[in-house]
Each structure stands twice: as C-alpha cells, then as structure tokens.
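# An overview of the molecular structure
Each chain, written out:
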Amino acid sequence: MNEEDEALKLKRQRNYRQPRHRHGCLLSFIIILILLFAGGWLIWQHYNPTSHFSNLKSVSQSTSNIKQSSGTFNVLVIGSDERKNQTDGHTDSMLLVHANLKKHQYNVLSIPRDSRIYMSGLGYTKLTSVQSVYQAKYGAKKGVFKAVQAISSYLNVPINYYLETNYWGFRSMVDAVDGITMNVPFNVTLTHPWYTEDYNKVITKGKHQLGGKMVTEIVHERDSVPGTDFGRQRLQEAALVGIINKISDPVNAFKIPALASSMSKFLVATNMNQTDMISIGLAVKSNFDAAKQVHYLQIQGENEDLYDDILEDYNEEIVLPKKQLKKIIAQDFTN
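For the structure given in this document, a descriptive report is provided here.

When its secondary structure is counted, the protein chain shows 11 helices and 14 strands. Across the 335 residues in the protein chain, those meeting the buried criterion constitute 45%. Residue pairs in contact within the protein chain that sit at least 24 positions apart in sequence constitute 64% of those at least 6 positions apart.

Written as structure tokens, this is what we have:
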C-alpha cells in the first residue's frame, strides 16, 4: 500500500468515527436538558401559586370547616403602633385581603380599628385593644396569633396567613424597593408626625415619588383627613397599591427572592414562610393592574358611646352592621 492509499484510509476512519462522537455529545446534551427540565418542573411545582395554595389551614378552629378553592387564601395585615424595643402594641390599622391567584383578583377590606368586639371571657372592647390585651397575657408572638384567631372568629372568615408590621418595618419595606409612586387621594396635613420636622407639612393631592419615611408619615395621619379613620384607610390603600406596583414591575422581578428572604426586617410577626412569599411574588409579578385587579371595600358602622369592659369605662366605639358585614364576607372573602 502506497502513502497515498494509507492517507485515504486514515481519512475514511476519521470520517467514520466523527458521527459517533457527535451523537455521543448530542445524547449527553439531551440528557442534561431532560434533567434541567425535570429540576425546573419540580421547582415550579414547589412555587406554582395555584398548587402551592391549596388545602390551607385556618388559624381559627371555628372557621376551619369553611372550604376554600385552591389558589385562594385570606391574609390579615396588621399595622401596630409598637415602638422599638416594645413587646406589645395596639392595632393601628387592619386589612383583610382575599387573594384569588387563578383569576388574579384581590379583595381588600379595611376594618375600622375602633370596631366593637367581644373577647371571650373578658368582655367587650375596641378592636385596637385586642392585640395589646393578648400580648400582655401571652407575650408578643403568641399574643398576635391569639388576636388573629379572635378576628377570624369575629368576622367568621378563615384567615390562613397574618402579617404584622410597625412603623419601622413599613418604612424599611418601602425603602427596600427604592421608594414608591403614591397617588394621594386628598391633601394631607401631618398633625401627628413621627418626626417633629414634619409637623404641619402638607402633602398635596396627586401622585408623588416618596421614600419610606414620608409614606409612613402619611399613612399614620388621621385627624386632618376626610372621615378620620376611613380617610386613613384610603391612604393605606394608596400606599399598598404603590408597593405592589413597584414589586410587580418586571424590572424588579429579580428582587422577589431577596425581599422574601429579608422579610424578617419588615415584619414583627407572621406565619408566612419564604416559599409562600416567593410564590405570591410569582403570581403578581407580571400583568398586574391594581385598578382592575384590586377591589377595596369599606364598611361603616354607627358611632356609639358604650361601656368598655377592658378599659372599665364608657368609650366611643363603632358598631358594625352585622348583615352587611356577613354579606361582604360571603361574597368577597369565601368561596
């Protein structure tokens, strides 16, 4: 065999082996893709909002028999007046939120803090006092849990999650997303600010780019706004929309896991874990339109001067209309 024939033979051998090598690489690549897909599917199943929020438990045994559809849940959001290093506080604001992640609908009910409520074994008092009473009796964390149970029974609605924040936590939350755009519904004069330099400062009606300090000052105001507590509820709603709009912006989607992992900085107490928070973030991170998807409800009762068993004196309290409250809960917060 001459040199030319030998070279041709070697070339043919190389050409014969190359496809086998390419098929080996292709097979490995396919296996890797399958593994990545399977891993991604398992992760998605773990965080998938519809499957993740199913067969949820209520914090109160009295409402555990009320059925809830998968992909839906109720959250009680509590804003307390706790200061730094305090272990108890009064409820300054309270929002009941019903989330339907299938329909991308969110119902929010503001509950007046001066609503009259009966505490088992203790008597009647205002809603704002329930947290303080239970915290004094059971401690900070268990006291909040007991207060949530009492609200769940009072409203006859299953509450699956609760979030308690205070001034410092709320301010930190707004700052963590680099401020928000807040559409202030009316002029607000700060008559009881946290900081003396903000006294009598006026925030005009309209959209404002605000940081955590000023947002918290605004939502704390009640005496200068229309309807006092009901006006403050509207301010809280405007702040909530601003926060959700900022977090749900696709540009900020990468921040969701980091925010979820640092929620302990913003929340005083919660039974929601990091996986729950990431799953919620995935549900609302795109195509969110607060004007269409978030429905705010307010309920107004009668102001009456009634005896408060906790304060052991007469006190002005709000008596909510039971029939109207029952109707709202049935239509907007249960399935």
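Time to look at unusual backbone geometry. Phi is positive for N156, close to 55°, though the residue is something other than glycine. Mapped onto the secondary structure, N156 falls in the loop between helix 4 (140–155) and strand 6 (161–165). Its relative accessible area of 46% is what places N156 among the partly exposed residues.

Within an α-helix, residues lying three or four positions from one another point in the same direction, as the helix has 3.6 residues per turn. Across its 16 residues, helix 4 extends 23 Å between first and last C-alpha, which sits within 8% of the 22 Å expected from 1.5 Å per residue. The set of residues buried in helix 4 consists of G143, V144, A147, V148, A150, I151, S152 and L155.

Attention now moves to the packing of helix 5 (residues 167–176) against helix 6 (residues 212–220). Where helix 5 meets helix 6, the axes come as close as 8 Å, and the angle between the chain directions of the two elements is 135°. When the interaxial angle is binned, helix 5 and helix 6 end up oblique. In terms of crossing hand, the pair formed by helix 5 and helix 6 is right-handed. For the pair formed by helix 5 and helix 6, the contact residues are Y167, F170, R171, V174 and D175 on the first element and G212, K213, V215, T216 and V219 on the second.

The next thing to look at is the sheet that holds strand 1 (residues 72–80). To summarise the sheet geometry, strands pair through backbone hydrogen bonds and adopt either a parallel or an antiparallel arrangement. Judged by pairing direction, the sheet is mixed, and its 6 strands sit side by side in the order 11-6-1-2-3-12 without closing on themselves. At either margin of the open sheet sits one strand with a lone partner, and together these are strand 11 (269–270) and strand 12 (294–298).

A few words now on the packing of aromatic side chains. Two measures describe an aromatic ring pair: the distance that separates the ring centres and the angle between the ring planes. One pass over the full model with this rule turns up 10 aromatic pairs. Plain terms: the ring middles of F53 and F73 are 4.5 Å apart, the flat faces sit at 35° to each other, and that makes the pair tilted. Taken together, the residues span a long stretch of sequence, with F53 in the loop between helix 2 (49–52) and strand 1 and F73 in strand 1 at a distance of 20 residues. Each member of the pair F53 and F73 is classed as buried. Taken together, the ring pairs connect Y167, W168, W194 and Y195 into an aromatic cluster.

Across the 10 residues that make up strand 2 (residues 91–100), a large majority, 10, are buried. Here strand 1 pairs with strand 2 via 9 bridges, running antiparallel. Bridging from a neighbouring strand, F73 pairs with A99 of strand 2. In terms of strand pairing, strand 2 meets strand 3 (residues 105–110) through 6 bridges, oriented antiparallel. Bridged to N100 within strand 3 is Q105. The turn linking strand 2 back onto strand 3 is made up of 4 residues, and H104 within it adopts a positive phi angle of 55°.

Let's shift gears to the nonpolar core. Counting 42 residues, the largest nonpolar core has F73, M182 and V215 as its most contacted members. If near-sequence neighbours (up to four positions away) are discounted, F73 is found in contact with F53, L56, Q68, V97, H98, A99, L101, N160, Y161 and I280. Core analysis: the next-biggest nonpolar cluster, separate from the first, contains 31 residues, L76, V130, A150 and I328 among them.

Conventions we followed
Residues numbered from 1 in each chain as written. Predicted model: local features only at pLDDT ≥ 70, side-chain atom pairs only at ≥ 80, totals over all residues. Heavy atoms only, no water. Helix = DSSP H or I, 4+ residues; strand = E, 2+ residues; numbered from the N terminus. Buried < 20%, exposed > 50% of the residue type's maximum accessible area, 1.4 Å probe, protein only. Contact = heavy atoms within 4.5 Å. Expected span 1.5 Å × (residues − 1). Axes fitted to C-alpha atoms, helices over the stretch in contact; angles between N-to-C directions. Parallel < 35°, antiparallel > 145°, perpendicular 65-115°, else oblique. Left-handed = near helix turned anticlockwise from the far one by under 90°. Pairing = 2+ DSSP bridges. Phe/Tyr/Trp six-rings, centres within 6.5 Å; stacked < 30°, edge-to-face > 60°. Core = buried A, V, L, I, M, F, W, Y, C linked by side-chain atoms within 4.5 Å.

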